[in-house]
Amino acid sequence: MTIRLATAAAAIALLLGSNWALAADKPTDQQIAHIAYTAGVIDVEAAKQAIATSKNKTVVEFAESMVRDHESVNKQALDLVKKLNVAPEDNDTSKALSQAAETKREELAKLTGADFDRAYVENEIAYHKQVNGALETLLIPSAQNAELKSLLETGLKLFQGHQQHAEHVATELK
Amino acid sequence: MSANPARRAFLALFLGAAAIAVPAQAETVQVTIDRLAYAPAEIEAKVGDEIEWINRDALVHTATVQGGAEVLLPAKKSGRLVLQEPGSFDYICRYHPNMKGHLIVRP
């Protein structure tokens, strides 16, 4: 069980790792906006799955805060792309993120109770780490528009907070 | 200058009352939250003072002392806390623990 999850996490890291690297041929602002938005939507969906499945108050409260924060940031992102008149553009990185999320969702759907809680929270830690790495090394440095860059920087601080929050929840589950 | 004893007594009473009222007056110390940071991050106040956190973010935050008081700060709203006991307190946002503040409360 632990081994299977670890393998899945490694596979996702590998998949994302290679795709982030592919995208490193400098994503455009339109692509960056799409990636950031997709990353937020994925976490909202994962949180909704947790709210529907988990019976643990701490886990549900964490998931609710993920829905609240990511929806708020994505609303700001939508307002910004509208204002800047840039249409978010689908790309390989967004597709890889969605694909990995779908696989994870199916994997989590087979779990219940404490097994689900632990797997969900562990994945939240790994996922936010992954997204934060991409923001720091690729998305923020590549962003051309100052307002988009600034929103991504706030996003990074927010997601670092989420990662720490998830780590805190994980210690409570042990 | 009046030598009227009644007036002198009145003045003494009035000034005396004012002198007592001054140290009892509580202040409000403001902390602004912008882009997931408390500013100023470190504040000093005294027992009886009030801290007002003004949340400029479109996110819900808290000011939470570990094992102690917690103030919920809804998006774009503010929250207040009257300081009850002296001490030196670290506080964080429960939802974003990378937000850190420090509060020194003098007696």
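Before going into details, it helps to say that this report is about the structure given with it.

Rules used throughout
Residues numbered from 1 in each chain as written. Chains lettered and ligands numbered in written order. Predicted model: local features only at pLDDT ≥ 70, side-chain atom pairs only at ≥ 80, totals over all residues. Helix = DSSP H or I, 4+ residues; strand = E, 2+ residues; numbered from the N terminus. Buried ≥ 20, exposed ≤ 12 C-beta atoms within 10 Å, placed from the backbone. Contact = placed C-beta atoms within 7 Å. Nonpolar A, V, L, I, M, F, W, Y, C, P; charged D, E, K, R; others polar. Core = buried A, V, L, I, M, F, W, Y, C linked by C-beta atoms within 7 Å.

Moving on: the overall build of chain A. Within chain A, the secondary structure is distributed over six helices and zero strands. Counting across all 174 residues of chain A, residues that qualify as buried make up 40%.

Residues and elements named next belong to chain B. Following the sequence through the fold, isoleucine 33 ends up in strand E1 (residues 28-33). Separated by 16 residues in sequence, isoleucine 33 and aspartate 49 have C-alpha atoms that sit 19 Å apart. Those residues in contact with isoleucine 33, other than ones at most four positions away along the chain, are Tyr38, Trp53, Ile54, Asn55, Arg56, Asp57, His61 and Leu73.

This brings us to the interface of chain B and chain A. Taken together, the contact pairs eleven residues of chain B with 13 residues of chain A. For the side of chain B that touches chain A, the class distribution of residues is eight nonpolar, two polar and one charged.

Moving on, we get to the nonpolar core. Counting 38 residues, the largest nonpolar core has Ile32(A), Ala36(A), Val59(A), Leu139(A) and Leu152(A) as its most contacted members. Those elements that place two or more of their residues in this core are helix H2 (29-53), helix H3 (57-84), helix H4 (92-109), helix H5 (113-142) and helix H6 (146-173) of chain A. Sort the elements by how many residues they give to this core and H5(A) lands first, with ten residues. Apart from residues no more than four positions distant in its own chain, Val59(A) is found in contact with Ala50(A), Ser54(A), Asp117(A), Tyr120(A), Val121(A) and Val169(A). Counting residues in hydrophobic clusters, the runner-up holds 16 residues, among them Val31(B), Val60(B), Ile92(B) and Tyr95(B).

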